[in-house]
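Here's the letter readout for the chains.
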Amino acid sequence: MPPRMQSRSVSNTLLPYLTATSSSSLSSIPSLSSSSSQCLSRQFSATAAPQAQTKLRRQMFEWLNTEGAVFKHHVPGETNYLTRLKQRGPETSSDASRPFPNNSSFISEPILSEELRNEVYHRVVEQKMSLRAVSVHLGIDMKRIAAVVRLVELEKRQRAQGKPLALPYARAIHEMVPTTPLAQQGERQEYHEPINDLPAHPLTGSQIFYPVPESRSFTRVEAGRVFSGAPAMEHSEAAEISHPSDLAEKIIEDPNSIAWVGKGANARQILQPADVRIPHPHMVALERDRLAHPNERLAVSEKQSKRLKRQDAIEKERRERLQARREKKLTVVSPEDSRFDYRIKDTIYTPETTGADGRGSKAVGRRYGVPHRDRTRGEIKIPTRVEA
Amino acid sequence: MRNRATNTLSKGKIRQSWSKYNLYNMQRFRSPPTINRTFFQQKWSAKAASRAYHGEQVREGQWKRMFNHRIRSVIPMNASDLAADDGSQASSGRGSGLDMGGKPAYQKRPTPYTQMTFAPLERRLDVAIFRALFASSARQARQFVIHGAVTVNGQKMKHPSYLLNPGDLFQVEPERVMYATGHTKTAYERRQGRLVRRKAKAQTSEEEVEAESKETAEEETKETAEEEAKETAEEEAKETEKEDPKETLKALMAQAKSIMSAGKDTLAPQRKQELRGFQQAVRRVLSRSESSTVLADSLEAQFSQLTLLLKAKRAEKKPDNKDVKLRPEDAFASDKGDRELAAARKDTETAVSDKLSEAFSQATLGNEVDASELSDEEFETLKRALTQMRDNPLDNSKTYSTPWQPRQYMSAFAFIPRYLEVNQNICAAVYLRHPVARPGSAEVPTPFGETIATPAYGWYLRRRW
């Protein structure tokens, strides 16, 4: 186990001092009694003095001073949402993490604790583990892991440069919001979020009546073909697939093996089963191995590590190939006395870049018959992306 | 753009804001009645209520163009379920699986699609800044962007309506964030800040005039910077010179303890006085130690110097006693007043592994201070007080009240949605992906329930129902 950086744990405990704030603000609220006494003192006035506060304001301050007083300051380590007022029965855990009393479907999800964040960085950058492996071990989405590495890197750089940091602010936020802690040595790490989310494909939204004999088994692979309007598989082809997760391994090896349906602009790839489209298809393969060989745990885990290694190698090779192809197309000119690099790319005029009619707005360069729209009135020039 | 997003009590609209007016409006909000009202009226009022919260800074036409009836959703998959069934079980029988004695084969929780109506607005830079808890309202976030305090992928971005792409990293200046989320200054603090600024101004003008006589200028700046604090420190240092080092350290710890144990009823100025006293005491100890070449006004230098001093004490204690660390929960408990309880629940197994103790173990120096009588708890208290003094100093030149503390009523609004990954230390966040709905929960934070979300979604469909 690597040494953990737990700088937070000490500093977190500092907040009691900070959070213990004054109760003086109560006295700052203008009270009715004082204003009415003022009215009495002005006896020369014939008309009644206007009310110091409207009814609504009075009601609001009444609420803020009684029921709402609990929201003024937070208690470290607990959430402090409006839903705590509505609790009449026994307190449930889901209630404490709902910020909006009227909206039961929004939950304040835990964020990564400082130690867990540092652990992610340690594993990815220092131990050189793959994002996929770290994601499975810690139960964190792969996109989040990449973002965490980026952010911790940036933080380290800013610390080295001596730029200002918002440390007390960070401490306060980590006390108000639920966090996922890093497991102690020997304990099992609590999963931060579901990592195998299947995005709902728009094609699956339609309701299709597709009669199948009861005697025939109808799998996810076939359902995907029905949704995308592809003809049923040949018997020989179907016989090769014992389980939909077989397809996943095949597609990782060769992504071009997914067949297409439709013609021209309507051409689309056949919808693949969930086993292929989830972020961690290898987990299904592992579960299948476990089911098939329940008593050979060592062999199964060895097979899994071999599988992961092979998939990583394939992915790495593909990434490098893509990078090389991109670099081949690009010429970078960096003059010595210039602050700028010039990246020069050849323009390509194909239907993919200029559109089917050659007038696509995304294509580069001045083209005959295609007016530049950027000077016309009302044209929005807000950037649509910023290169990292 | 004129700010029409006022928190009026008579209208009772909910806004993207942390103000106490908004909190009050939020708790008293009730869904508009549907009885005796036409569908049009129901949808209209639902739209009005939800648009007051979601992107009131966006024109209606602009939002209509952004709206998309198709809503992103995901289904969390279980690998073992997928491995056990290739889909033929779920489709067996008459197409929806065999009857398992009334128990459904798959858990079916409804996905709250219509709660995601305003998901496209969450892509906006100003809204994302508000969601990342970097600003106290969407309007303030918008101002931060316009005033040039926000970068996207390292480049300054001045358009609040910039639509973030998945993977974009945005960052707000930490000072602005501290200002937005911190307590406001009192009149006294504002005045002190003015004095500091005036002094600094006078100094710079003097320096310009007396450019030749550098030495005198330096002396002056030193004097003005430290002023009374140093004088008193020197005086007290002389007084305490004869004292035992053990005694001074003990006094220091008592002071730290009084700071840490300040209850909720202690007034802010009083605690500030305590903190000032603690700072002075620290200076005193430093001036007594041999290597007091470090300037007393640099907090960082003070901190490292004191940790070195403390190290001596630690090294002495190590052989016979194990390091003990307070667990966070214990610390919270101690905040409430039951210190004994916390002490009883100490976790002896966990060794101190933070940077401080690393620095202790790595540094090698002779023992100067003999303070082995001090308990571990006291030692921890001192360390915490020191760290806090370093991270959260008293500084009236800041735009917020110092030492920084969260603004009132902030905790009721504090949540970070899953589609953002935030690093609060540098006030940067990554927009990971677009918000999605999943069975039982929707990621778009909205204070409205199903009875408002669904009619509002219906309002924006091209073909209304």
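Since the structure is predicted, the reported quantities are computational estimates derived from the model, not experimental observations.

**Re the interface of chain A and chain B**
Contacts between the two partners involve 109 residues from chain A, matched on the other side by 117 residues from chain B. Regarding the contact of chain A and chain B, the summed buried area is about 10000 Å², with carbon and sulfur atoms giving 62% of it. At the boundary of chain A and chain B, one finds five salt bridges. Linking Glu109 of chain A and Arg418 of chain B is a salt bridge whose minimum nitrogen-to-oxygen distance equals 3.5 Å.

**Looking at the confidence of the model for chain A**
Overall, the predicted model of chain A reaches an average pLDDT of 85, with 85% of residues at or above 70. Taken as a whole, residues 4-40 of chain A scores under 50 in pLDDT and shows 85 contacts with residues more than four places along the chain or in a different chain.

**A look at the sheet that holds strand β5 (residues 420-423) of chain B**
All names here are of chain B. Read across the open sheet, the five strands follow the order β3-β2-β4-β6-β5; overall the sheet is antiparallel. Since the sheet does not close on itself, it has two edges, and those belong to β3 (155-156) and β5, each with one partner. Looking at chain direction, β5 and strand β6 (residues 428-431) are connected through four bridges and run antiparallel. Following the sheet pairing, Leu420 is matched in β6 by Tyr431.

**Examining the pattern of salt bridges**
Pairs may arise between side chains of opposite charge once their charged atoms sit close together. In this structure the tally under the stated criterion is 28 salt bridges over all chains. Linking Glu249 of chain A and Arg307 of chain A is a salt bridge whose minimum nitrogen-to-oxygen distance equals 3.6 Å. Within this pair, whereas Glu249 of chain A is found in helix α14 (residues 245-253), its partner Arg307 of chain A is found in helix α17 (residues 297-329), the two being separated by 58 residues in sequence. Residue class for Glu249 of chain A comes out partly exposed when judged on its relative accessible area of 34%. For Arg385 of chain A, the salt bridge identified is with Glu387 of chain A, shortest N-O distance 3.3 Å. Taking the relative accessible area as the measure of exposure, Glu387 of chain A reaches 54% and is therefore exposed. Here the salt bridges do not stand alone but share partners, grouping Glu109, Arg144 and Glu193 of chain A together with Arg418 and Glu421 of chain B into one network.

**Remarks on the domain arrangement of chain A**
Residue and element names in this part refer to chain A. Annotation of chain A at the domain level lists domain 1 (111-180), domain 2 (196-274) and domain 3 (293-355). Computed over C-alpha atoms, the centres of domain 2 and domain 3 are 27 Å apart. The interface of domain 2 with domain 3 comprises four residues on the first partner and five residues on the second. Regarding the contact of domain 2 and domain 3, the summed buried area is about 440 Å², with carbon and sulfur atoms giving 47% of it. It is Glu249, Ile252 and Glu253 that lose the most area in domain 2 upon contact with domain 3, and together they represent 88% of the buried surface on that side. Our count for the contact surface shared by domain 2 and domain 3 stands at two salt bridges. Arg310 is the salt-bridge partner of Glu253, the closest N and O atoms lying 2.7 Å from each other.

**Description of the packing of helix α16 (residues 281-292) of chain A against α17 of chain A**
All names here are of chain A. One way to put it is that α16 packs onto α17 with a least axis distance of 10 Å and a crossing angle of 160°. Put simply, α16 runs roughly antiparallel to α17. At the point where α16 passes α17, the crossing takes the right-handed sense. Contacts from His282, Ala285, Leu286, Asp289 and Arg290 of α16 reach α17 at Val300, Lys303, Gln304, Arg307, Leu308 and Gln311. Its residues assigned to classes, the contact of α16 with α17 shows four nonpolar, three polar and four charged.

Basis of the calculations
Residues numbered from 1 in each chain as written. Chains lettered and ligands numbered in written order. Predicted model: local features only at pLDDT ≥ 70, side-chain atom pairs only at ≥ 80, totals over all residues. Heavy atoms only, no water. Contact = heavy atoms within 4.5 Å. Buried area = accessible area lost by both parts, 1.4 Å probe. Salt bridge = Lys/Arg side-chain N within 4 Å of Asp/Glu carboxyl O. pLDDT = per-residue confidence, 0-100. Pairing = 2+ DSSP bridges. Helix = DSSP H or I, 4+ residues; strand = E, 2+ residues; numbered from the N terminus. Buried < 20%, exposed > 50% of the residue type's maximum accessible area, 1.4 Å probe, protein only. Domains from an automatic or database assignment. Axes fitted to C-alpha atoms, helices over the stretch in contact; angles between N-to-C directions. Parallel < 35°, antiparallel > 145°, perpendicular 65-115°, else oblique. Left-handed = near helix turned anticlockwise from the far one by under 90°. Nonpolar A, V, L, I, M, F, W, Y, C, P; charged D, E, K, R; others polar.

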